[in-house]
Amino acid sequence: MANKSVVALYPGTFDPVTYGHLDIAERCVRVFDRLIMAIAVNSDKQPLFDVEERLGMLREVTGELPGVEVDSFEGLTVEYARRKGAQVIVRGLRAVSDFEEELKMASANRKLADEVNTVLMLPSEKYFYLNSSLVKEIARLGGPVDCFVPAVVNARLREKLAARAY
Ligand code: COA
């Protein structure tokens, strides 16, 4: 049987990357040969961090993970997946409430590119409630976020929020 290398794409906004995203990435490197964590830059969201800042944080926090590439893209996720030779799109599924949106996206993506399959990964239960907005809100209100994000992200959040206060 041919030894086929499986490339997975984990797209997202990553504004900023949290321990929940990293938990998914760690699970992915145990299953797939390569993982591309890619920031979708055409999101409707108004990010706190620009793309370069988010790329920098992603690179720093995934530095120890084998087989991980960090990138950004514009346009359709499936087109980017095709360009990168990714056969799989990975998305995290934290709670039942995520399911409807993920089903919609996975179905649309399948319609656009049937050869690209979506895999929904469950993060550790301790991150089920976590999202980037929650982290930003807690940080903005002066609360501790070190249990939600790596130290480098915590530091960048503090710097960014301090700069915004002026
Ligand atoms: N741990 C912690 N937080 C998680 C998480 C996890 N495991 N999984 C998701 N989240 C959070 C994110 O932090 C984010 O929080 P926020 O809304 O507070 O910022 C939220 O859940 C969902 O965001 P994310 O996973 O980043 O996805 P998204 O909805 O921002 O991005 C894209 C979705 C970018 C993948 C999608 O819009 C896309 O593919 N865009 C490209 C254009 C395209 O192809 N469109 C057609 C798609 S069918």
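For the structure itself, look to the data block above.
Scope of this entry: the structure provided in the associated data block. As the structure is a prediction and not an experimental result, all values here were calculated from the model.

Our focus in this paragraph is the overall build of the protein chain. A count of helical and extended segments in the protein chain gives six helices and five strands. Secondary structure elements in the protein chain, listed N-terminal to C-terminal, are β-α-β-α-β-α-β-α-β-α-α. Computed over the C-alpha atoms, the radius of gyration of the protein chain is 16 Å, within 12% of the 15 Å expected from 2.2 N^0.38 for a compact globule of 166 residues. Split into buried and exposed, the 166 residues of the protein chain put 45% on the buried side. Only carbon and sulfur atoms are counted for the fraction: they give 52% of the accessible area of the protein chain, which is about 9400 Å². Charged side chains of the protein chain number 22 positive and 24 negative; the gap between the two group centres comes to 1 Å.

So, about the sheet that holds strand β2 (residues 34-40). Paired through backbone hydrogen bonds, the strands of a sheet run either parallel or antiparallel to each other. One open sheet accounts for five strands, arranged β3-β2-β1-β4-β5; its pairing is parallel. Either end of the sheet is taken by a strand with one partner, and the two such strands are β3 (68-73) and β5 (117-121). Each neighbouring strand pair of the sheet contributes to a mean axis angle of 30 degrees, computed without reference to strand direction. Lying on the sheet, helix α1 (residues 19-31) is in contact with β1 (7-12), β2, β3, β4 (88-92) and β5; it crosses β2 at an angle near 150 degrees. Where helix α4 (residues 96-112) meets the sheet, it contacts β4 and β5, and its direction lies at approximately 170 degrees from that of β4.

In total, this model carries twelve salt bridges according to the counting rule given. Taking the shortest distance from any N to any O, the salt bridge between R156 and E60 comes out at 3.1 Å. Of this pair, R156 sits in helix α6 (residues 151-164) while E60 sits in helix α2 (residues 51-62), and the two are 96 residues apart along the sequence. The class for R156 is partly exposed, based on a relative accessible area of 28%. Since its relative accessible area comes to 46%, E60 is described here as partly exposed. With a closest N to O distance of 3.0 Å, E102 and R91 form a salt bridge. Within this pair, whereas E102 is found in helix α4, its partner R91 is found in strand β4, the two being separated by eleven residues in sequence. Note on E102: relative accessible area 5%, which makes it buried. Linked through salt bridges whose partners overlap, the residues forming this network are R34, E69, D71 and K84.

Quick look at the site of the ligand now. Taken together, 23 residues lie around the ligand, and T13, K45, T77, S132 and S133 are the ones closest in. K45 is positioned with one of its side-chain polar atoms (N or O) 2.8 Å from an oxygen atom of the ligand. For the ligand, an oxygen atom lies 3.5 Å from a polar atom in the side chain of N131. Isolated, the ligand exposes 930 Å² of accessible area, and the fraction of that covered by the protein chains is 81%. Going through the elements one at a time, β1, α1, α4 and α5 (132-140) are the ones with two or more residues in the shell around the ligand. When its residues are assigned to classes, the shell around the ligand shows eight nonpolar, twelve polar and three charged.

Basis of the calculations
- Residues numbered from 1 in each chain as written.
- Predicted model: local features only at pLDDT ≥ 70, side-chain atom pairs only at ≥ 80, totals over all residues.
- Heavy atoms only, no water.
- Helix = DSSP H or I, 4+ residues; strand = E, 2+ residues; numbered from the N terminus.
- Rg over C-alpha atoms; globule rule 2.2 N^0.38 Å.
- Buried < 20%, exposed > 50% of the residue type's maximum accessible area, 1.4 Å probe, protein only.
- Areas by Shrake-Rupley, 256 points an atom, 1.4 Å probe, with all protein chains shown as cover.
- Lys, Arg positive; Asp, Glu negative; His and termini not counted.
- Charge placed at Lys NZ, Arg CZ, Asp CG, Glu CD.
- Pairing = 2+ DSSP bridges.
- Axes fitted to C-alpha atoms, helices over the stretch in contact; angles between N-to-C directions.
- Contact = heavy atoms within 4.5 Å.
- Salt bridge = Lys/Arg side-chain N within 4 Å of Asp/Glu carboxyl O.
- Near = heavy atom within 4 Å.
- Polar contact = N/O pair within 3.5 Å; in protein donor to acceptor, adjacent residues only side chain to side chain.
- Nonpolar A, V, L, I, M, F, W, Y, C, P; charged D, E, K, R; others polar.

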